[in-house]
Each structure stands twice: as C-alpha cells, then as structure tokens.
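Coordinates in review
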Amino acid sequence: MTQNLNLKEIEKKAYRDSQQDGLMEVMMGLILMTFGGFFYSPIFAFYILLIVFAGRIVESIRRRYTHPRIGFVKFHEENPKDALTGVFLFEVAVIVIMFTLISIFGEVTDYSQWVKWSPLFFGMILVGPFAHAQSRSGNVRYTGYAILSVVLGLFFSLADFASGRTGLILYLVLMGGFLFISGLFIFARFLRRYPLATTGGA
C-alpha cells in the first residue's frame, strides 16, 4: 500500500515538473482566444489548425527549451477507452446542469437562452481538463484556473449584451488571454530558473 502511494506521488511530481514550463497554458490560451475571435470573424478559423497541431507544436518547443533543461520522462499512456468514457460522462453532466439552469431561468426550446448561457457552458467544460491536470500533478494552480473559468462563465452569462454571442466572445478572449499571459509568465520564470549549462572553453 505504501509503495503504491509512493509511486503515485512520484508520478505526480514527474508530471508536475513536466508542466512547469507553462506551455500548456500558452497553447490553451491561444486556442480559446482564436476560437472566440472566430465568433467575431471567420478569419480566425485557423483555430482549428491550432487544435489539430497543438500537441506537436508544444512538443517541438519543449524539445528545444524544456527537455535540455530538466530532461524528459515518458509517461504511462492512459487507457483511451477510460479517458473517452470520462470525457463523455463529464460532458453529459454539464449538459444536464445547463438544461436544468435554462429550464429554471427560461425556455429550453429558446435558442437565444442557450447562446446566453454558453459562456457558463464552456466555463464548466474547461473544468474537465483543469481537474484532470490537477489530479495528475497535484498543482493547485489548475484548481484556480477551474474556479476562474466557472466564475467568468457565470458572470458573462448573467450580464446583458446587445448581441447574445458577445458574452461568449468576451469569455473566450478574456479566459484565453489570462491563460496565455500566465503561461508566458510561467515560461519566462522557468527559463530563468533553469538556465542552460554552459561549457567552458580552453
């Protein structure tokens, strides 16, 4: 039992160390901001490319800046079936909560109500990846991200705007901007904390 606990703590520390460069926040922030921009103008449709290539982009940057500083650990891959089941159940729970809220404050058949409450919907959806990252790393910053995501989503859902999608755009851009700036700050701190070793010449 003690050995299993120690292994879990070691895995958490390894995952926490691998995420201390802030690149996850940078990429997620970019995706959210461009996704929000897409609701404003189709020119931001390239957010789809960011989603598709996000993993490769982050890995490429890590090979150049992160791995030379702290090394590299290959983590045990999660069972895809279990991961998909967890995602599906979480999204169903969010939809049920949204359905209940809209039933209380409006009509579920009214499309404008779903648009109005969409910031909260996305805010709650993002709790999933943040909670997952927190459970794997034990880092409280992900809990903070999750709380902020829900609070901002609720705020922009309750606020009144001339256009229904304005609240969603503002939520995505502000939440994305916060993650992007936070990630850049964490990355800059990471580079200062772990400077590359220099080899002295003769």
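Notes on the structure in this doc start here.

Below, the discussion takes up the overall build of the chain. Scanning the chain for helices and strands turns up nine helices and zero strands. Its helices and strands in sequence order give the chain the pattern α-α-α-α-α-α-α-α-α, from N to C terminus. Viewed in the frame of its principal axes, the chain has a C-alpha envelope of about 75 × 45 × 25 Å. The proportion of buried residues among the 202 residues of the chain is 33%. Considering only contacts within the chain whose residues lie at least 6 apart along the sequence, 73% involve residues at least 24 apart. In the form shown here, the chain has an accessible surface area of approximately 12,800 Å², with 68% of it arising from carbon and sulfur atoms.

Counting residues in each nonpolar core, the largest one holds 19 residues, and the members touching the most others are Leu 32, Phe 130, Tyr 171, Met 175 and Leu 179. Of all the secondary-structure elements, those providing two or more residues to this core are helix 2 (23-40), helix 7 (127-137), helix 8 (141-158) and helix 9 (166-193). At six residues, the largest contribution of residues to this core is made by helix 9. Residue contacts for Phe 130: discarding those within four places in its chain leaves Met 28, Tyr 142, Tyr 145, Ala 146, Ser 149, Met 175 and Leu 179.

One pass over the structure, following the stated rule, counts four salt bridges. The partner of Asp 21 in a salt bridge is Arg 62, with the nearest N and O atoms 2.8 Å apart. With Asp 21 in the loop between helix 1 (2-18) and helix 2 and Arg 62 in helix 3 (residues 47-70), this residue pair connects regions lying 41 residues apart in the sequence. On the basis of relative accessible area, Asp 21 is assigned to the buried category, the value being 0%. Its salt-bridge partner being Glu 25, residue Arg 141 comes within 2.6 Å of it at the nearest N-O pair.

Here the focus is the packing of aromatic side chains. Per the stated rule, a full pass over the model turns up twelve aromatic pairs. Consider the rings of Phe 38 and Phe 39, whose centres lie 6.3 Å apart with planes at 65°: the pair is edge-to-face. Overall, Phe 39 belongs to the partly exposed group, its relative accessible area being 23%. Between Phe 130 and Tyr 145, the ring centres sit 5.5 Å apart and the planes meet at 50°, which makes this aromatic pair tilted. Taken together, the positions of Phe 130 in helix 7 and Tyr 145 in helix 8 put the pair 15 residues apart, joining distant regions of the chain. Cluster of aromatic residues (ring-pair linked, three or more members): Phe 35, Phe 38, Phe 39, Phe 121 and Phe 122.

To continue, consider the environment of Arg 69. With respect to the helices and strands, the residue Arg 69 is situated in helix 3. For Arg 69, a relative accessible area of 21% puts it in the partly exposed group. In this structure, the C-alpha to C-alpha distance between Arg 69 and Pro 195, residues 126 residues apart in sequence, is 6.9 Å. Setting aside anything within four residues of it in sequence, one finds Arg 69 in contact with Phe 190, Leu 191, Tyr 194, Pro 195 and Leu 196. Among the polar contacts made by the side chain of Arg 69, one reaches the main-chain carbonyl oxygen of Tyr 65 at a distance of 2.8 Å.

Looking now at the packing of helix 3 against helix 9. Where helix 3 contacts helix 9, the axes come no closer than 10 Å and their chain directions differ by 45°. Between helix 3 and helix 9, the angle falls in the class oblique. Helix 3 and helix 9 meet at a crossing whose hand is left-handed. Taken together, the residues of helix 9 that come into contact with helix 3 (itself represented by Tyr 65, Thr 66, Arg 69 and Ile 70) are Phe 187, Phe 190 and Leu 191. In the contact of helix 3 with helix 9, the residues fall into five nonpolar, one polar and one charged.

Moving on, we get to helix 7. Phe 130, Ala 133 and Ser 137 are the residues of helix 7 that are buried. In a view along the axis of helix 7, the buried residues occupy a sector of 65°, so they form one face of it. Looking one or two residues past helix 7, Gly 138 carries a phi angle of roughly 75°, positive in sign.

About the criteria used
- Residues numbered from 1 in each chain as written.
- Predicted model: local features only at pLDDT ≥ 70, side-chain atom pairs only at ≥ 80, totals over all residues.
- Heavy atoms only, no water.
- Helix = DSSP H or I, 4+ residues; strand = E, 2+ residues; numbered from the N terminus.
- Buried < 20%, exposed > 50% of the residue type's maximum accessible area, 1.4 Å probe, protein only.
- Contact = heavy atoms within 4.5 Å.
- Areas by Shrake-Rupley, 256 points an atom, 1.4 Å probe, with all protein chains shown as cover.
- Core = buried A, V, L, I, M, F, W, Y, C linked by side-chain atoms within 4.5 Å.
- Salt bridge = Lys/Arg side-chain N within 4 Å of Asp/Glu carboxyl O.
- Phe/Tyr/Trp six-rings, centres within 6.5 Å; stacked < 30°, edge-to-face > 60°.
- Polar contact = N/O pair within 3.5 Å; in protein donor to acceptor, adjacent residues only side chain to side chain.
- Axes fitted to C-alpha atoms, helices over the stretch in contact; angles between N-to-C directions.
- Parallel < 35°, antiparallel > 145°, perpendicular 65-115°, else oblique.
- Left-handed = near helix turned anticlockwise from the far one by under 90°.
- Nonpolar A, V, L, I, M, F, W, Y, C, P; charged D, E, K, R; others polar.
- Arc of directions from axis to C-beta.

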